[in-house]
Amino acid sequence: MNDKIMAGGNLDNIVGRLTACIGLLHVIHANMPDDAGDLSESLYAACDLLECITRDFQADIDGAEEADER
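Nothing here was measured: the structure is a model prediction, and the numbers come from that model.

(A) Fine view of the overall build of the protein. Counting its regular elements, the protein contains two helices and zero strands. Taking all 70 residues of the protein together, 17% fall into the buried category. Per element, the accessible surface of the protein, about 5,500 Å² overall, is 56% carbon and sulfur.

Written out as structure tokens, the structure reads:
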């Protein structure tokens, strides 16, 4: 296995930036015209995907912290 280590502060910073990006995309989505159709659905899907990536990334960070504490 090819383990790569990154400082915890950097990882938390990345999670924070991902969360901020999600927030911005939600604001854009909420302010789209009602007739945006497919574009609105695509943006919603992008928000959902980014939220999943962020949750998985945070879970990896949390798991690594737990393993490090042992």
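Additional details are given in the paragraphs that follow.
(B) Representation of the nonpolar core within the structure. One finds Ile22, Leu25, Met32, Ala36, Leu43, Cys47 and Leu50 forming the largest nonpolar core, which totals seven residues. Broken down by element, this core gets its largest block of residues, three residues, from helix 2 (residues 38–69). In contact with Leu50, not counting residues within four places along its chain, are Leu18, Cys21, Ile22 and Leu25.

(C) Here's a closer look at a negative patch on the surface. Where like charges cluster on the molecular surface, the negative patch consists of Asp12, Asp56, Asp60, Asp62, Glu65, Glu66, Asp68 and Glu69. It is helix 2 that contributes the most residues to the negative patch, seven residues altogether.

(D) Main features of the environment of Ile61. Summarising the element assignment, Ile61 is placed in helix 2. Once the C-alpha coordinates of Ile61 and Val15 are considered, the two residues, 46 residues apart in sequence, prove to be 9.6 Å apart. Contacts of Ile61, omitting those with residues within four sequence positions, involve Leu11, Asp12 and Val15.

(E) Layout of helix 2. Across its 32 residues, helix 2 extends 47 Å between first and last C-alpha, which sits within 8% of the 46 Å expected from 1.5 Å per residue. Here helix 2 has its buried residues at Ser40, Leu43, Cys47, Leu50, Thr54 and Ile61.

Conventions adopted
- Residues numbered from 1 in each chain as written.
- Predicted model: local features only at pLDDT ≥ 70, side-chain atom pairs only at ≥ 80, totals over all residues.
- Heavy atoms only, no water.
- Helix = DSSP H or I, 4+ residues; strand = E, 2+ residues; numbered from the N terminus.
- Buried < 20%, exposed > 50% of the residue type's maximum accessible area, 1.4 Å probe, protein only.
- Areas by Shrake-Rupley, 256 points an atom, 1.4 Å probe, with all protein chains shown as cover.
- Core = buried A, V, L, I, M, F, W, Y, C linked by side-chain atoms within 4.5 Å.
- Contact = heavy atoms within 4.5 Å.
- Patch = residues over 30% accessible without salt bridge, like charges linked within 9 Å, V, L, I, M, F, W, Y side chains within 5 Å.
- Salt bridge = Lys/Arg side-chain N within 4 Å of Asp/Glu carboxyl O.
- Lys, Arg positive; Asp, Glu negative; His and termini not counted.
- Charge placed at Lys NZ, Arg CZ, Asp CG, Glu CD.
- Expected span 1.5 Å × (residues − 1).

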